[in-house]
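Chain by chain, the residues:
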Amino acid sequence: MSASTAFTTAIVPAAGLGTRFLPTTKAVPKELLPVVDTPGIEYVAAEAAEAGATRLIIVTSPGKDAVADYFRPQPDLERTLEERGKTELLAKVRRAPGLLEVETAIQEQALGLGHAVGCAEGNLRGDDEAVAVLLPDDLVLPTGVLTRMAAVRAKFGGSVLCAFDIPREQISAYGVFDVADTDDPDVKQVHGMVEKPPAAEAPSTFAAAGRYLLDRAIFDALKRITPGAGGELQLTDAIALLIAEGHPVHVVVHRGGRHDLGNPGGFLRAAVDFALEHPEYGPDLREWLRERVGGV
């Protein structure tokens, strides 16, 4: 198994209600809110495509058709833009539909991340030995960690997760891995995981991020775990079951940055960060921020 063929299918769980963005999310799915001019889910889809995915399964809830619709061609709009010579806008409109093949799976009830991933099992093909799972609230920067994770799966087999090295005083807000070293300082073997431990009791400073490359065995494990609070099935419980049964699990420690699009504060930081790098908006925004912050 080569790294380039470690997976071709990616799953994006996008069935949530977006309660922290109400009232906007009464009408607009959170995943389509723009970071500058591009929805967060397009960044995530582009990351999956860059790492080798050719197919994206969006796990959505009834009534959230707009998320999948975003990835479908818009012939009338494209024709209008073409007739008006708006070639740059036309390229932007065509960008998402050209990334990969998109289909949906429906999660009827919000019963946890593990349940959402399990809802995509019926969409898998016979040759899907592993699947990538990308949480659309997490923008992992720079892109490329999935490619590294695929290489680790090619070497060790099993499942590979992404981790960030978090300062110990902040670690209690995260799911934390219990790990052992390998011959690569940024690749660790996982022995277990602890959810939001007190800082002094955390088994490491390596915290889970929203990227997973999961062996297909995860779907069988999801059927065998016990629901937790609220009847939710947790993906980490299924991973823990696989570890207990001898299934190899590793993490790749990502040394880049991360934005959390799951709450308005994190979303605003991402928008400012991306806008500052934008050739059209960046210079003016930088100057305005200097004046605005200088006056506080």
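Think of each chain on its own: its residues are numbered from 1, step by step along the sequence as written. Only residues with pLDDT of at least 70 get local features here, since the model is predicted, and only at 80 or more are side-chain atom pairs given and counted; chain-wide, interface and lining totals rely on the full set of residues. Only hydrogens and water are removed before side-chain values are computed, so all heavy atoms of the structure are retained for them.

Draft legend 1. Highlighting the packing of aromatic side chains. Each aromatic pair joins two rings of Phe, Tyr and Trp (for Trp, the six-membered one) with centres within 6.5 Å, and gets the label stacked for planes under 30 degrees apart, edge-to-face for over 60, and tilted for any other angle. Considering all chains together, one arrives at three aromatic pairs under this definition. Measuring from ring centre to ring centre gives 5.5 Å for Y70 and F71, while their planes differ by 90 degrees; the resulting arrangement is edge-to-face. Whether a residue is buried, partly exposed or exposed follows from its accessible area with a 1.4 Å probe, protein chains only, as a fraction of its type maximum: under 20%, in between, or over 50%, in that order. Residue classification places F71 among the buried residues on the basis of a relative accessible area of 4%.

Draft legend 2. Examining the pairing of strand β1 (residues 9–13) more closely. Of all five residues that make up β1, five are buried, and the element is covered over most of its length. Helix and strand definitions follow DSSP, with helices as H or I runs of at least four residues and strands as E runs of at least two, each counted in order from the N terminus. Neither face of β1 is open: one carries T9, I11 and P13, the other A10 and V12, and all of them are buried. Pairing between strands is defined by DSSP: at least two bridges between them are needed. Two elements, β1 and strand β4 (residues 55–60), share five bridges in a ladder whose sense is parallel. Looking across to β4, one finds that A10 is bridged to L56.

Draft legend 3. Representation of the pattern of salt bridges. A carboxyl oxygen of Asp or Glu within 4 Å of a side-chain nitrogen of Lys or Arg is what we treat as a salt bridge. Following the criterion strictly, the structure yields 23 salt bridges and no others. In this structure, the salt-bridge partner of R55 is D128, at a minimum N-O distance of 3.0 Å. With a gap of 73 residues between them, R55 in strand β4 and D128 in the loop between α5 (113–118) and β6 (130–134) connect regions that are remote in the sequence. Neither R55 nor D128 differs from the other in exposure class; each is buried.

Draft legend 4. Quick look at empty space enclosed by the protein. Residues are said to line a cavity or pocket when one of their atoms sits within 4 Å of a point; the points come from a 1 Å grid over protein atoms alone, cavities being sets where a 1.4 Å probe fits but cannot get out and pockets being open sets with protein on both sides within 12 Å along at least five of seven lines. Grid points are joined across faces, edges and corners, and a volume is the space filled by probe spheres set on the points. One pass over the full model with this rule turns up two cavities of 30 Å³ or more. Looking at the largest cavity, its volume works out to about 50 Å³. Considering the residues around the largest cavity, the lining is formed by K30, E31, L33, G40, I41, P136, D137, L261 and F267. By the convention adopted, Pro, Cys, Tyr, Trp, Phe, Met, Ile, Leu, Val and Ala count as nonpolar, Lys, Arg, Asp and Glu as charged, and the other residues, Gly among them, as polar. Across the lining of the largest cavity, the residue classes tally to five nonpolar, one polar and three charged. The calculated volume of the second largest cavity comes to roughly 40 Å³. Taken together, L161, F177, V190, G192, M193, T236, I239, A240 and I243 make up the lining of the second largest cavity. At the level of elements, β10 (187–195) and α8 (235–244) are the ones that each hand at least two residues to the lining of the second largest cavity. Counting residues per element, the lining of the second largest cavity draws most heavily on α8, which supplies four residues. Grouping the constituent residues of the lining of the second largest cavity by class yields seven nonpolar, two polar and no charged.

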